[in-house]
Amino acid sequence: AAGALQAARDAGLAPTVVTYASVAKGHAMRGEYEAASGVLDQMEADGVAPNVPTFHALLSVCARAGEADEALALLRRMEAAGGGGGGGGGGGSTLAYNLVIGCLLRRDRAAEAEALLHSMHAAGVAPDTVTFSSMISLSPGASTAPARAAEWLGAMKQLGLQPDAQCFNKVLACCARARLPELADEWLDKMEAAGVPPNLVSYSTTIAAYAKTAQPDEAAAVLRRMTARGIAPDTILLNQLLESLVRASRPAQAAALLSRFRRGELGPPPDCCSYTIVLSALAREGDVARAASWFRTMTAEDGIAPDLMCYNGLIRGFAGQGELDEAMRLYDRLRREGLSPDEWTYGPLLDGARAARASRLARSLGAQMLGRSPPVLSSFCLVALRRSIGASGLRAVCRECGVLDQPAVRQALGKAPLQGA
């Protein structure tokens, strides 16, 4: 495209702003920001003013790539150009500022984003709900985010902007991240008082906040409030209810809720995550028989394929209860199904092998763990392997698998990491 542009110019043809913009965008998409800037220079030298769509296209590419400095430079250039020929004047546009502000926030440059918002307002460019939504959702510091988010909503109102459901939902998310579910509940009331009906995301976020703090009764109350307003739950929300019960050490109630889930009493059917939450909790409690029963229900009756997390939860339970043969059957099965074991697979198996004094099995597992590509070099697994087969055995396996000089291995053997490692 750049060659065609030059050929047209050499032939005395006058490229249009669209032609220049397409070439500049192409350079930017390839990460050639200096070349893209050079095309803008050439445009201006040829008397073709970059317009607002030109700047928007380039800013969008930079923002998606996370190139905050390049995006800032483009915005400054747009401001200096007065918004571009035919673009409405006045410097940068609301969309342009929003793209740069969002990019800065994603690069953890919140102070610069806030300063840009203030300069945007000073330049007479009106922020919109997207501008403030970005500031709310990425307010730094989990402990202070809800208060700061509330300040941004107040600033919106001062400018005559009405916060929409997305803005309120991001305040709710700030409350959830700060582990303040009661505050999230209050914001549900504030949404309704502002004439903005809470939606599925609003309720789901609040329930998730209660789940994180092990408050299942309060989470269930939010569900009742939601269904009373005619909003049906989805599987993700119901999984959060299961999680709240498990975190509150009530796995039997979680299993009962899963049964209702399966019967269709709550709406959508359970998924693999639903079963994993329940069977992992039962396995941790030592009730591996019920955990295995749920696993069979999931696979044989409901036809849901287990993922690695599901297998790991059950393997941990069986290995912890000394039922190493059953744990190994699950290990073999997950490998046959094409899943790749991780540290949460090998760790419990190696601990189980150590408890059973099955050093030969531990060595075999260690060879599989360290001989794969990439090897599993978790300190938890390496220490468990060393306890099973001794330091000399660990050294021998690591030598066979070509990982003896790895820093994690040296640490497990009681040696200092390699210089510069």
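Before reading on, note that the structure itself is shown above.
I will try to describe carefully the structure that is included in this document.

Parameters at a glance
- Sequence order as written defines the numbering, with residues in each chain counted from 1.
- A pLDDT threshold of at least 70 governs which residues receive local features in this predicted model, and a stricter bar of 80 or more applies before side-chain atom pairs are shown or counted, although totals over entire chains, interfaces and linings include all residues.
- Only heavy atoms go into the side-chain values, all of them from the structure, while hydrogens and water stay out.
- Runs of E in the DSSP output that reach at least two residues are strands. Runs of H or I that reach at least four are helices, and both are numbered from the N terminus.
- Both definitions apply: the radius of gyration is a C-alpha atom measure, and the globule rule equals 2.2 Å times residues to the power 0.38.
- Between buried and exposed lies partly exposed: a residue is buried under 20% and exposed over 50% of the maximum accessible area for its type, with that area taken using a 1.4 Å probe on protein chains only.
- Any two residues whose heavy atoms approach within 4.5 Å at even a single point are treated as in contact.
- Note on areas: these come from Shrake-Rupley sampling with a 1.4 Å probe, and a residue is covered only by the protein chains present in the view.
- When charges are tallied, Lys and Arg are placed among the positive residues and Asp and Glu among the negative ones, while His and the ends of the chain are skipped.
- Lys charges are placed at NZ, Arg charges at CZ, Asp charges at CG and Glu charges at CD.
- Every case where a carboxyl oxygen of Asp or Glu lies within 4 Å of a side-chain nitrogen of Lys or Arg is listed as a salt bridge.
- The axes are straight lines fitted to the C-alpha atoms, using for helices just the contacting stretch, and the angles between their N-to-C directions are given from 0 to 180°.
- Should an angle lie under 35 degrees it is considered roughly parallel, over 145 roughly antiparallel, and from 65 to 115 roughly perpendicular; all remaining angles are considered oblique.
- If you view the pair so one helix is near and one far, a crossing is left-handed when the near helix is turned anticlockwise from the far one by less than a right angle, and right-handed when it is turned clockwise.
- Residue polarity follows a fixed list, in which Ala, Val, Leu, Ile, Met, Phe, Trp, Tyr, Cys and Pro are nonpolar, Asp, Glu, Lys and Arg are charged, and the others, Gly among them, are polar.
- A helix is expected to reach a length of 1.5 Å times the quantity of its residues less one.
- Directions are taken from the helix axis to each C-beta atom, and the arc is the one they span.
- We define a nonpolar core as any set of buried Ala, Val, Leu, Ile, Met, Phe, Trp, Tyr and Cys residues linked to one another through side-chain atoms lying within 4.5 Å.

### Describing the overall build of the chain
Part 1 of the argument: Across its full length, the chain holds 23 helices and zero strands.
Part 2 of the argument: On C-alpha atoms alone, the chain measures out to a radius of gyration of 29 Å, which is more than a quarter above the 22 Å that the 2.2 N^0.38 rule sets for 421 residues.
Part 3 of the argument: In terms of principal-axis extent, the alpha carbons of the chain reach across some 80 × 60 × 40 Å.
Part 4 of the argument: Across the 421 residues of the chain, 46% fall into the buried class.
Part 5 of the argument: Restricting the contact set of the chain to residue pairs at least 6 apart, pairs at least 24 apart contribute 58%.
Part 6 of the argument: With an accessible surface of roughly 19,600 Å², the chain has 51% of that area assigned to carbon and sulfur atoms.
Part 7 of the argument: For the chain, the distance from the average position of its 43 positive side-chain charges to the average position of its 42 negative side-chain charges is 8 Å.

### Topic: the pattern of salt bridges
Part 1 of the argument: On inspection of all chains with the given rule, the structure shows 21 salt bridges.
Part 2 of the argument: A salt bridge links Arg 229 to Glu 192; the nearest nitrogen and oxygen atoms lie 2.7 Å apart. Here Arg 229, found in the loop between helix 13 (216-228) and helix 14 (235-247), pairs with Glu 192, found in helix 11 (residues 181-193); they are 37 residues apart in sequence, far enough to count as distant.
Part 3 of the argument: Across the pair Arg 263 and Glu 265 runs a salt bridge whose closest N-O atoms are separated by 2.8 Å.
Part 4 of the argument: Within the structure, one salt-bridge network assembled from shared partners comprises Asp 185, Asp 189, Glu 192, Arg 225 and Arg 229.

### Overview of the side chain of Thr 297
Part 1 of the argument: In this fold, Thr 297 is placed in helix 17 (residues 288-301).
Part 2 of the argument: Classification of Thr 297 as buried rests on a relative accessible area of 10%.
Part 3 of the argument: In contact with Thr 297, not counting residues within four places along its chain, are Arg 262, Tyr 275 and Asp 302.

### Notes on the packing of helix 19 (residues 324-336) against helix 20 (residues 343-355)
Part 1 of the argument: Packing of helix 19 against helix 20 leaves a shortest axis separation of 10 Å and a crossing angle of 150°. On the basis of the axis angle, helix 19 is roughly antiparallel to helix 20. Where helix 19 crosses over helix 20, the handedness of that crossing is left-handed. Of the residues in helix 20, those touching helix 19 at Leu 324, Ala 327, Met 328, Tyr 331 and Leu 334 are Thr 345, Tyr 346, Leu 349, Gly 352 and Ala 353.
Part 2 of the argument: Looking at the contact of helix 19 with helix 20 residue by residue, the class counts come to eight nonpolar, two polar and no charged.

### Focus: the environment of Ala 396
Part 1 of the argument: By the element assignment, Ala 396 lies in helix 22 (residues 379-401).
Part 2 of the argument: In the structure, Ala 396 is positioned 326 residues away from Glu 70 in sequence and 52 Å away in space, judged by C-alpha atoms.

### Things to note about helix 3 (residues 33-45)
Part 1 of the argument: The end-to-end C-alpha separation of helix 3 is 18 Å, in line with the 18 Å expected for 13 residues at 1.5 Å each.
Part 2 of the argument: Along helix 3, the residues that are buried comprise Tyr 33, Ala 36, Val 39, Leu 40 and Met 43. What you see down the axis of helix 3 is that its buried residues fit within an arc of 115°, all on one side. Opposite the packed face of helix 3, turned more than 90 degrees from it, sit the exposed residues Glu 34 and Ala 45.
Part 3 of the argument: The inward-facing, buried residues of helix 3 abut helix 2 (17-29), helix 4 (52-65) and helix 5 (68-80).
Part 4 of the argument: Gly 47 sits one or two residues past helix 3 and shows a positive phi near 80°.

### Points about the packing of helix 12 (residues 200-212) against helix 14
Part 1 of the argument: One way to put it is that helix 12 packs onto helix 14 with a least axis distance of 8 Å and a crossing angle of 15°. Accordingly, the angle class assigned to the pair helix 12 and helix 14 is roughly parallel. Viewed along their axes, helix 12 and helix 14 form a crossing whose handedness is left-handed. For the pair helix 12 and helix 14, the contacting residues are Leu 200, Tyr 203, Ser 204, Ile 207, Ala 208, Ala 211 and Lys 212 in the first and Leu 237, Gln 240, Leu 241, Ser 244 and Arg 247 in the second.
Part 2 of the argument: Of the residues belonging to the contact of helix 12 with helix 14, the class tally is seven nonpolar, three polar and two charged.

### What about helix 5?
Part 1 of the argument: Look at helix 5: 18 Å from first C-alpha to last across 13 residues, which is about the 18 Å you get at 1.5 Å a residue.
Part 2 of the argument: Looking at the packing, one finds that the buried side of helix 5 touches helix 3, helix 4, helix 6 (94-106) and helix 7 (110-122).
Part 3 of the argument: Of the residues trailing helix 5, Gly 82 is marked for its positive phi of about 70°.

### Some points on the nonpolar core
Part 1 of the argument: If you look at the biggest cluster of nonpolar residues, it comprises 125 residues, and the most contacted ones within it are Leu 350 and Met 369.
Part 2 of the argument: Excluding residues that lie within four positions of it along the chain, Met 369 makes contacts with Tyr 346, Leu 350, Pro 375, Val 376, Cys 381, Leu 382 and Leu 385.

The values are spatial; any link to function lies outside them.
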